[in-house]
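# Close look at the chain arrangement
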Amino acid sequence: MNSGKEKLLLHTCCAPCSVYVINQLLDNYNVTVIFNNPNIFPEDEYLLRLSEVRNYCRKRNIDYVENEFAPDKWFDFIKGYENEPETGFRCDLCFLYRLSETASFAKNNNFDCFTTTLTIGRQKNSKKIIDLGLKIQDKYGVRFLEYDFKKKNGTQIADWLSNQMGLYKQNYCGCVFSKNDKLHE
């Protein structure tokens, strides 16, 4: 399909974060969603989030790809930072890992640009994520779209939309460390 729109690869972490973001992008881009989240723990949680993204994309007739679930590679990448607090440097490394994998896929599959739903997260520092995306674009030669999807009430709209659709909503970011932090609150 060639509509004259740029091919955009959208990294997503879950369906609730995706619904609003996809709606914001579809008019201007040919969107393909990539589920690339080896950080999610346990595997049952990973599969549940993946299933929700897959089902949503199928309903909307949006192309999607599923990256290999390789938590060992992710653990190797963040090694030494396991005790960092939530939102600390471990999270920055996690964003770097997932966005680099996304940019690599985008480059190898002739996408014009890439971006992520991560900036819609309440606890996520959008500026840090955007800065990482811009650094990664230079490394891979694929343009990163600078969107802070929290703006203009994006998070609240995403919550409302996902509630209307009955999408599964997790209560922690995704990794074993964020799950343990949530359990100890």
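Cut-offs applied
Residues numbered from 1 in each chain as written. Predicted model: local features only at pLDDT ≥ 70, side-chain atom pairs only at ≥ 80, totals over all residues. Heavy atoms only, no water. Salt bridge = Lys/Arg side-chain N within 4 Å of Asp/Glu carboxyl O. Helix = DSSP H or I, 4+ residues; strand = E, 2+ residues; numbered from the N terminus. Buried < 20%, exposed > 50% of the residue type's maximum accessible area, 1.4 Å probe, protein only. Pairing = 2+ DSSP bridges.

## Description of the pattern of salt bridges
Throughout the structure, instances matching the rule amount to 9 salt bridges. With a shortest N-O distance of 2.8 Å, Arg49 and Glu45 are connected by a salt bridge. Remark: Glu45 and Arg49 occur in helix H2 (residues 43–60); sequence separation between them is 4 residues, near one turn of the helix. Linking Asp159 and Lys169 is a salt bridge whose minimum nitrogen-to-oxygen distance equals 3.7 Å. Of the two residues, Asp159 sits in helix H6 (residues 154–165) while Lys169 sits in the loop between H6 and helix H7 (176–183), which places them 10 residues apart along the sequence.

## Quick look at unusual backbone geometry
Across the junction of Phe41 and Pro42, the peptide omega takes the value -10°, indicating a cis bond. Mapped onto the elements of the fold, Pro42 is located in the loop between strand E2 (29–35) and H2. The backbone of Asn61 shows a phi angle near 60°, a positive value even though the residue is not glycine. Considering the arrangement of structural elements, one finds Asn61 in the loop between H2 and strand E3 (63–66). Residue class for Asn61 comes out exposed when judged on its relative accessible area of 72%. A positive phi is found at Asn110, a non-glycine position, where the angle reads about 60°. Assignment of secondary structure puts Asn110 in the loop between helix H4 (89–108) and strand E4 (113–116). With a relative accessible area of 62%, Asn110 lands in the exposed category.

## Details of the sheet that holds E3
Spatial ordering of the open sheet is given by E3-E2-E1-E4-E5, a layout of 5 strands whose pairing is parallel. A strand with exactly one partner marks an edge of an open sheet, and here the two such strands are E3 and strand E5 (143–144). The pairing of E2 with E3 spans 4 bridges and is parallel. Directly across from Val33, in E3, lies its bridge partner Tyr64.

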